[in-house]
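# Commentary on secondary and tertiary structure
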Amino acid sequence: MLALIEAGYDVEIVDSFVNAKHSVIPRLCELAGRDLRVHEVDLTDRAATEGIFADAAARAAAAGRRLGFDAVVHFAGLKAVGESVAKPLAYYDNNLGSTFSLVEAMARHGIRHLVFSSSATVYGDSYPAPFTEDLPTRATNPYGWTKVMIEQVLRDVAAADPTWRVGLLRYFNPIGAHPSGRIGEDPQGIPNNLIPYLAQVAVGRRAELSVYGDDYPTPDGTCLRDYIHVLDLAAGHVAALDYLWDATEPVGTWNLGTGHGTSVLDMVAAFSRAVGSPVPYRIVDRRPGDIAVSYADPSRARAELGWVASRSVDDMCADTWRWQSANPQGFPDA
Ligand SMILES: NC(=O)c1ccc[n+]([C@@H]2O[C@H](COP(=O)([O-])OP(=O)(O)OC[C@H]3O[C@@H](n4cnc5c(N)ncnc54)[C@H](O)[C@@H]3O)[C@@H](O)[C@H]2O)c1
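Calculation criteria
Residues numbered from 1 in each chain as written. Predicted model: local features only at pLDDT ≥ 70, side-chain atom pairs only at ≥ 80, totals over all residues. Heavy atoms only, no water. Near = heavy atom within 4 Å. Polar contact = N/O pair within 3.5 Å; in protein donor to acceptor, adjacent residues only side chain to side chain. Areas by Shrake-Rupley, 256 points an atom, 1.4 Å probe, with all protein chains shown as cover. Helix = DSSP H or I, 4+ residues; strand = E, 2+ residues; numbered from the N terminus. Salt bridge = Lys/Arg side-chain N within 4 Å of Asp/Glu carboxyl O. Buried < 20%, exposed > 50% of the residue type's maximum accessible area, 1.4 Å probe, protein only.

Every one of the 23 residues lining the ligand counts as a neighbour, but Asp15, Asn19, Phe75, Lys79 and Tyr143 are closest to it. Separating an oxygen atom of the ligand from a side-chain N or O atom of Asn19 is a distance of 2.7 Å. A distance of 2.9 Å is found between an oxygen atom of the ligand and a side-chain nitrogen or oxygen belonging to Lys147. Starting from 820 Å² of accessible surface for the ligand in isolation, the protein chains cover 85%. Where the shell around the ligand is concerned, the elements lending two or more residues are helix H5 (88-108), strand E4 (113-119) and helix H6 (142-160).

Scanning the entire structure with this criterion turns up 21 salt bridges. For Arg37, the salt bridge goes to Glu12, with nearest N and O atoms at 3.6 Å. Taken as a pair, Arg37 in strand E2 (residues 37-40) and Glu12 in strand E1 (residues 12-15) lie far apart in primary sequence, 25 residues in all. Residue Arg37 is classed as partly exposed on the basis of its relative accessible area of 41%. As a salt-bridge pair, Asp314 and Arg273 come within 3.0 Å of each other at their nearest N and O atoms. Residue Asp314 is found in helix H11 (residues 313-326), and its partner Arg273 is found in helix H9 (residues 264-275); the two are separated by 41 residues along the sequence. For Asp314, a relative accessible area of 37% corresponds to the partly exposed category.

All quantities given are derived from atomic positions and should not be read as evidence of function.
Shown next as structure tokens:
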């Protein structure tokens, strides 16, 4: 959002706050240097979603503008893989339902530019890395299937009305934080991902990191992932949106990754460098569902969007640590 504002866009936020704290908003305003319009709405609520668009359309008409919004960047969704296995209906309902209601409201109001947060999980577990966008998609869990299905829904919507311009952004492993240390990742409960877990061990909230398996066919036996700084990811959204204004094809699909795999143990070492002392870890059994190697072929995003990820793993760890050490418990509850 801040990257869009810095690029000159005027942004409004919609979030149900099912996985966000309200105290993030004043910090976003502080970093944006102005007040932000926030709609606390569950996007599965069709009437409430329509209300946001109708309100924006009325404000635009009063100001002599044609559209309430020019485009939508659709991040909303539930994202915990394990939880999606336990509660598949909740994931399909929320992730697909919010997309249906959003796309319907957009279509009703003549807004046809959409950037969607997809995921490398659409490549499933049986292709060798690097992954290219042309590989057939297949998921291994309900969360991943929601991404595969939403991509298909959006392709079908754009096929039915080719005036749509849709960007499907397949994120690899976003980490890092805003360099100010004011906003960062604040998972609820036990973190599912490596870096938030490492950060909570380093700050003393958890005893040690469990490294799931050191017998994978990789140089040090631990899994390789394509970590990408959240600021590079944000820049990818700005690049995609800018591209869509003049795009000739209705749908573009782009990997947002660095093209390099980093092992779990290399990440532990990088994070320990950022902290200035070793972060304790223990090797345990493999975790079901983990694939050995995942990294992007990001060449299409470079060629078409002019986008490349420029920040290093050390930058990612330093920014994560700045955020976590200044905010050991994450965002305040109030
Ligand atoms: N973080 C990752 O590793 C990763 C990787 C690939 C893709 N993605 C995707 O990127 C997007 C953003 O991820 P994130 O890591 O910032 O997650 P996040 O949970 O921080 O952000 C998602 C936001 O959507 C909101 N939300 C969920 N359902 C909603 C609904 N029905 N109506 C309104 N708001 C709703 C949540 O409150 C939350 O603030 C998600 O779609 C996620 O699946 C994330």
